Amino acid sequence: MGKKVIIIGAGIAGLTTGIHLQRNGYDTEIFEMHTLPGGLCTAWQRKGYTIDACLHWLVGSSPRDNFYHLWDELIDMKNLPCYEFDHYIVVEDASGRSITVYTDLDKLEKEFLEKAYEDEKIIREFIGAARKLSRFMLPNDVLPEAMSFVEGIHLLWSALPYLPTALKYVRITSKDFAARCKNKLLRKTLEMMFVPDMSVVFLLFTLVWFHRKSAGYPLGGSLSFSQKIEKSYLTCGGKINYRCRVAKILTRGSFPNALATGIQLSTGATHNADIVISAADGHSTLFEMLDKKFLDKNFQKYYSQYNPFPSFLHVSLGIKKTFENYPHLICIPLERTFMVDPETSMDYLNYRIFNFVNTLAPKGKTVISSLLTTYNYQYWQSLRKDNPAQYRNEKKRILDFVIDAAEKRFGGIRKNLEMTDVSTPATVIRYTNNWRGSLEGWLLDPAVGFSQMKKEIKGLKNFYMAGQWVQPGGGVPGALVSGRQLAQLICLRDEKKFVGARSC
Ligand SMILES: Cc1cc2nc3c(=O)[nH]c(=O)nc-3n(C[C@H](O)[C@H](O)[C@H](O)COP(=O)(O)OP(=O)(O)OC[C@H]3O[C@@H](n4cnc5c(N)ncnc54)[C@H](O)[C@@H]3O)c2cc1C
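Residues numbered from 1 in each chain as written. Predicted model: local features only at pLDDT ≥ 70, side-chain atom pairs only at ≥ 80, totals over all residues. Heavy atoms only, no water.

What follows covers the overall build of the chain. Assigned secondary structure in the chain consists of 16 helices and 21 strands. Its C-alpha atoms give the chain a radius of gyration of 23 Å, near enough to 23 Å, the size a compact globule of 504 residues would have. In terms of its C-alpha atoms, the chain occupies a principal-axis envelope of roughly 65 × 55 × 45 Å. By sequence separation, contacts in the chain at least 24 residues apart represent 72% of the contacts at least 6 residues apart. Carbon together with sulfur atoms contributes 52% to the accessible area of the chain, which is approximately 21500 Å² in total. Computed over 64 positive and 50 negative side-chain charges, the separation of the two mean positions in the chain equals 2 Å. (Helix = DSSP H or I, 4+ residues; strand = E, 2+ residues; numbered from the N terminus. Rg over C-alpha atoms; globule rule 2.2 N^0.38 Å. Contact = heavy atoms within 4.5 Å. Areas by Shrake-Rupley, 256 points an atom, 1.4 Å probe, with all protein chains shown as cover. Lys, Arg positive; Asp, Glu negative; His and termini not counted. Charge placed at Lys NZ, Arg CZ, Asp CG, Glu CD.)

The structure is reproduced here in structure tokens:
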């Protein structure tokens, strides 16, 4: 029997780490506070409809990208049909004009030039940068710690042609880049594509994955995707304990010679292990489970200076109607500024229309969802705790607003409405424990840039971290890479040759 490893969290990172460690001879056991695998990568059922609260795109959905092969180590990707989009989003303005963000770069350039010729220079610069990066495959299977000097130089050499572009666009936010456009609708499009405070490089890489036709939607949705990975983990002999919230990481000795020895659950039960891994929320790992005892300067800097992705309200409508002739993602202007909560206003609203899949709603029916981002998670959390009636009223206010705006834009909403569902930042925290209800961990902005966080803590042996809180930029590929790299690192420390390929 190999070393005993406890993993906290059955999100994508925890499951990935578990699969790779099982295959490499470790005896792993996951403790997960929820009743399901997947963490943020989840979905739920309401009145015959499935609400998919996560994946818009899965990087690596086709073999045209390196990530495919890493997913294929976890699950048989041939059995995961994915829908590849021809457009990502359509952004409209109040006068009825629109810009379609095509996933093909040539079509996108043509569309941008047709709709905003006055910004030709910026458009050509932007698309040119995306084209340049489209020739670069991220080396996502290497572990920096395991590389020899020669391998390091070789890697740097292969990345060299792309580094100036990547470094230039990591330093500027989408919002600031968009501000350079004269055309208002193009400005709005570049701003609204993702989070406005993110670096442009995130936008560029996402367009590259779309262009490669390797950022599709896994049919079956987010929870089904997570459950496939859970199944692989169990098939490899892993064990998962659900409804087990970890309260403490047990340590022996003190800094700099401390040793992780196990965990204590919120029930008080303890479990020992040779290695403890937290693939759970980073803030609660460092500040609560480890009692702030191992906060080095680097972690302090992240948690005091860097920005996480915002939290969000997710509103879903189940409608007895089809929406064939609409884009699957549409961003519409609002007649008036809407206050999501006391600190958050919005003048545009997104609708995600699940008209490209038949797995989420019964025949002839459709799920439409809106994601309203907010940094004011405290408002929703306090309201839910201290004033449940007002919390329900506020959810109803948001729901009515989303329904009314949909009615105006699409028509036939209220009379065909069969299901409604509103989740808030309080829901995200309750079910996933993510710091500030963040949807993806650290925002890839100019401050964070391409910085890499350590998966180990100085002065605490036998303890490691994986997941979106140690992989700036987050996302399921980030969770995948961090989990795989961590398994590689543990094998390296134990002088074992890491095997990634599917064997169980
Ligand atoms: C609305 C939305 C849309 C998104 N869209 C995309 C997309 O299109 N593409 C993409 O790549 N990514 C997307 N993401 C981001 C992606 O889902 C996450 O970055 C990724 O799933 C994070 O995985 P993780 O394993 O690192 O963390 P998590 O999913 O947070 O998993 C951590 C797990 O740890 C558990 N846990 C926490 N604390 C404890 C504790 N004390 N004890 C026991 N268990 C604990 C949690 O319950 C959870 O299961 C989206 C996220 C959201 C919310």
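The subject of this paragraph is the state of the cysteines. Tallied over the full model, the rule gives one disulfide. The thiol of C41 is unpaired, and the distance to the nearest cysteine sulfur, on C54, comes to 4.4 Å. Taking relative accessible area as the criterion, C41 reaches 2% and is therefore assigned buried. With no disulfide of its own, C82 lies closest to C41 among cysteine sulfurs, the gap being 12 Å. (Disulfide = S-S within 2.5 Å. Buried < 20%, exposed > 50% of the residue type's maximum accessible area, 1.4 Å probe, protein only.)

Inspection of helix α6 (residues 163-170) places T165, A166, Y169 and V170 among the buried residues, and these make up the whole buried set. On an axial view of α6, the arc spanned by its buried residues comes to 120°, and they lie on one face. Against the buried residues of α6 lie α4 (120-133), α7 (174-178) and α9 (200-211). (Arc of directions from axis to C-beta.)

Here we come to the environment of Y431. Note that Y431 resides in helix α15 (residues 425-432). Separated by 397 residues in the primary sequence, Y431 and H34 place their C-alpha atoms 6.4 Å from one another. Residues in contact with Y431, not counting those within four places in the same chain, are M33 and H34.

Taken together, three strands build an open sheet; the order of strands is β5-β9-β6 and the sheet is antiparallel. Every interior strand has two partners, whereas the edge strands, β5 (58-59) and β6 (82-83), have only one. The pairing of β5 with strand β9 (residues 215-218) spans two bridges and is classified as antiparallel. Residue V59 lies in a different strand from β9, and its bridge partner there is A215. (Pairing = 2+ DSSP bridges.)

Close to the ligand lie 36 residues, the nearest being E32, L40, H56, N434 and Q468. One nitrogen or oxygen atom from the main chain of Y431 is found 3.5 Å from an oxygen atom belonging to the ligand. About the coverage of the ligand: the protein hides 97% of its 1000 Å² of free accessible area. Of all the secondary-structure elements, those providing two or more residues to the shell around the ligand are α1 (12-23), α15 and α16 (475-493). With four residues, the single largest contributor to the shell around the ligand is α16. For the shell around the ligand, the per-class residue count stands at 22 nonpolar, eleven polar and three charged. Looking at which domains feed residues into the shell around the ligand, each of domain 1 (4-43 + 220-307 + 443-493) and domain 3 (311-436) gives three or more. (Near = heavy atom within 4 Å. Polar contact = N/O pair within 3.5 Å; in protein donor to acceptor, adjacent residues only side chain to side chain. Nonpolar A, V, L, I, M, F, W, Y, C, P; charged D, E, K, R; others polar. Domains from an automatic or database assignment.)

When its domains are assigned, the chain resolves into domain 1 (4-43 + 220-307 + 443-493), domain 2 (101-212) and domain 3 (311-436). Domain 1 and domain 2 are separated by 30 Å when their C-alpha centres are compared. Counting from both sides, the interface comprises 13 residues of domain 1 and, opposite them, 19 residues of domain 2. Carbon and sulfur atoms make up 73% of the area that domain 1 and domain 2 hide from each other, which totals about 1200 Å². When the area that domain 1 buries against domain 2 is broken down by residue, the three leading residues are L444, P446 and F450, summing to 40%. Summed over the shared surface of domain 1 and domain 2, the number is zero salt bridges. Summed over the shared surface of domain 1 and domain 2, the result is four residue pairs in polar contact (both at pLDDT 80 or more). Residue classes in the side of domain 1 that touches domain 2 are distributed as seven nonpolar, four polar and two charged. (Buried area = accessible area lost by both parts, 1.4 Å probe. Salt bridge = Lys/Arg side-chain N within 4 Å of Asp/Glu carboxyl O.)

With that settled, consider the sheet that holds strand β16 (residues 329-341). Sheet architecture is open: seven strands sit in the order β8-β7-β16-β17-β18-β15-β19, paired in mixed fashion. Of all the strands in the sheet, the pair left with one neighbour each is β8 (98-102) and β19 (417-423). Geometrically, the sheet is characterised by an average inter-axis angle of 25° between neighbouring strands, direction not taken into account. The pairing of strand β17 (residues 344-353) with strand β18 (residues 366-374) spans two bridges and is antiparallel. The residue of β18 that forms the bridge with R352 is S369. Strands β7 (87-92), β8, β16 and β17 of the sheet are contacted by helix α8 (residues 184-192), whose axis makes an angle of about 40° with β8. (Axes fitted to C-alpha atoms, helices over the stretch in contact; angles between N-to-C directions.)

In this section: the pairing of β7. In terms of burial, β7 is a largely internal element, six of the six residues being buried. Looking at chain direction, β7 and β8 are connected through five bridges and run antiparallel. Across the sheet, E92 pairs through a bridge with S98, a residue of β8. Joining the antiparallel neighbours β7 and β8 is a turn of five residues, in which G96 adopts a positive phi near 95°.

Interaxial distance between helix α13 (residues 377-386) and helix α14 (residues 388-410) falls to 5 Å at its minimum, and their mutual angle equals 130°. The angle between α13 and α14 places the two elements in the oblique class. Here Y379, W380, L383, R384, K385 and D386 of α13 come into contact with α14, specifically with P388, Q390, Y391, E394 and I398. Its residues assigned to classes, the contact of α13 with α14 comprises six nonpolar, one polar and four charged. (Parallel < 35°, antiparallel > 145°, perpendicular 65-115°, else oblique.)

Right, let's talk about the environment of G474 for a bit. Relative to the elements of secondary structure, G474 occurs in the loop between β21 (460-465) and α16. Placed 303 residues apart in sequence, G474 and R171 show a C-alpha to C-alpha distance of 18 Å.

Attention now goes to the packing of aromatic side chains. With the rule as written, the count across this model stands at 34 aromatic pairs. Centroid distance F126 to F177: 5.7 Å. Interplanar angle 35°. Geometry classified as tilted. Taken together, the residues F126 in helix α4 and F177 in helix α7 connect sequence positions 51 residues apart. Here F126 and F177 have matching classes, each one buried. When the centroid spacing of 5.3 Å and the interplanar angle of 85° are considered together, the rings of Y217 and F356 count as edge-to-face. Placement of the pair is Y217 in strand β9 and F356 in the loop between β17 and β18, with a sequence separation of 139 residues. Here Y217 and F356 have matching classes, each one buried. If you follow K321 out to its NZ or CZ, it ends over the ring of F323, 4.9 Å from the centre. (Phe/Tyr/Trp six-rings, centres within 6.5 Å; stacked < 30°, edge-to-face > 60°. Lys NZ or Arg CZ within 6 Å of the ring centre and 35° of its normal.)

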